Amino acid sequence: MSVGCEVKFTNDEIRSFGSKDIYEKYLQFKLNIDVDLNPKLKWCPSSDCNRYVEKKGMFAKKATCECGAVVCLKCGQLDHPGRKCGQHDEEFL
């Protein structure tokens with residue numbers, strides 16, 4: 001939408017603008033933006049996963065992805081019990 005434009009396209013309208021491949025790329029791009037802008041969502045850091053986790057409850061510190069990975073909701077990396085965020089990376093340097 002342009003500044004001042006109130007028009008919103010439906011998914012069916014967007015689908016009709018191009019090929020199926022373009023539409024699927026649009027959906028992935030929109031999902032990426034939605035997850036990145038939502039403070040309650042974090043991408044799963046597992047290299048073979050393309051899902052995200054959602055913070056459940058105001059005081060939740062970690063969440064479990066559908067792939068089984070436990071994600072730290074503060075830093076977005078794999079859970080690191082007993083270590084501060086970033087501290088687990090320093091050990092591998």
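Residues numbered from 1 in each chain as written. Predicted model: local features only at pLDDT ≥ 70, side-chain atom pairs only at ≥ 80, totals over all residues. Heavy atoms only, no water.

## Considerations on the pattern of salt bridges
Applied cut-off: The term salt bridge refers to a side-chain nitrogen of Lys or Arg lying within 4 Å of a carboxyl oxygen of Asp or Glu. Numbering of helices and strands runs from the N terminus, with a helix taken as a DSSP run of H or I at least four residues long and a strand as a DSSP run of E at least two residues long. Residue burial is assigned from relative accessible area. The probe radius is 1.4 Å, only protein chains are included, and a residue is buried under 20% of its type maximum, exposed over 50%, and partly exposed in between.
All told, the structure shown has seven salt bridges when counted by the stated rule. For Asp34, the salt bridge is made with Lys30, and the minimal N-O distance between the two is 3.0 Å. Pair noted here: Asp34 and Lys30 are both in helix H2 (residues 20–37), with a separation of four residues, about one helical turn. By relative accessible area, Lys30 is classed as partly exposed at 36%.

## Some thoughts on the layout of surface pockets
Here is the rule: Method remark: on a 1 Å grid restricted to protein atoms, a set of points is classed as a cavity if a 1.4 Å probe fits but cannot get out and as a pocket if it is open with protein on both sides within 12 Å along at least five of seven lines; lining residues have an atom within 4 Å of a point. Grid points are joined across faces, edges and corners, and a volume is the space filled by probe spheres set on the points. Asp, Glu, Lys and Arg are counted as charged, while Ala, Val, Leu, Ile, Met, Phe, Trp, Tyr, Cys and Pro are counted as nonpolar; the rest, among them Gly, fall into the polar class.
When its volume is computed, the largest pocket comes out at roughly 270 Å³. Forming the boundary of the largest pocket are 18 residues, of which Lys61, Cys72, Leu73, Lys74 and Cys85 lie nearest the centre. Along the lines of polarity and charge, the residues of the lining of the largest pocket split into eight nonpolar, two polar and eight charged.

## Examining the environment of Lys84
Tracing the sequence through the fold places Lys84 in the loop between strand S4 (70–72) and helix H3 (87–90). Taking the relative accessible area as the measure of exposure, Lys84 reaches 66% and is therefore exposed. As a C-alpha pair, Lys84 and Lys74 span ten residues in sequence and 9.9 Å in three-dimensional space.

## Topic: a nonpolar patch on the surface
As a reminder of what qualifies: Patch rule: a residue counts if its relative accessible area is over 30% and it has no salt bridge; like charges are joined within 9 Å, and nonpolar side chains (Val, Leu, Ile, Met, Phe, Trp, Tyr) within 5 Å. Surface accessibility in these figures is a Shrake-Rupley result with a 1.4 Å probe; residues are shielded only by whichever protein chains are displayed.
Taken together, the side chains of Val7, Phe9 and Phe17 present a nonpolar region at the surface, about 340 Å² in accessible area. You can see Phe17 is positioned in the loop between helix H1 (11–15) and H2.

## A look at the confidence of the model for the protein chain
Residues shown with low pLDDT carry predicted positions that ought not to be read at fine detail. Here is the rule: Note on scores: pLDDT gives the predictor's confidence for each residue, bounded by 0 and 100.
Taken residue by residue, the protein chain gives an average pLDDT of 89. The fraction at 70 or more is 91%. The weakest mean pLDDT in the protein chain belongs to H3 at 60; the strongest belongs to strand S2 (residues 52–54) at 96.

## Considering the nonpolar core
So the rule is basically this: Residue types Ala, Val, Leu, Ile, Met, Phe, Trp, Tyr and Cys, when buried and joined through side-chain atoms within 4.5 Å, form a set referred to as a nonpolar core. Here a residue-residue contact requires only that any non-hydrogen atoms of the pair lie within 4.5 Å.
Judged by nonpolar contacts, Cys44, Cys49, Val53, Ala63, Cys65, Ala69, Val71 and Leu73 together constitute the single largest core of eight residues. The contact partners of Cys65, leaving out residues within four places of it in the chain, are Cys44, Cys49, Arg51 and Val53.

## Some thoughts on the state of the cysteines
Our working rule: In plain terms, two cysteine sulfur atoms within 2.5 Å form what is called a disulfide here.
Evaluation of the coordinates by the stated rule reveals zero disulfides. Cys44 forms no disulfide, and the closest cysteine sulfur to it belongs to Cys67, at a distance of 3.7 Å. Take Cys49: it sits in no disulfide, and the sulfur closest to it among the cysteines is that of Cys65, at 3.6 Å.

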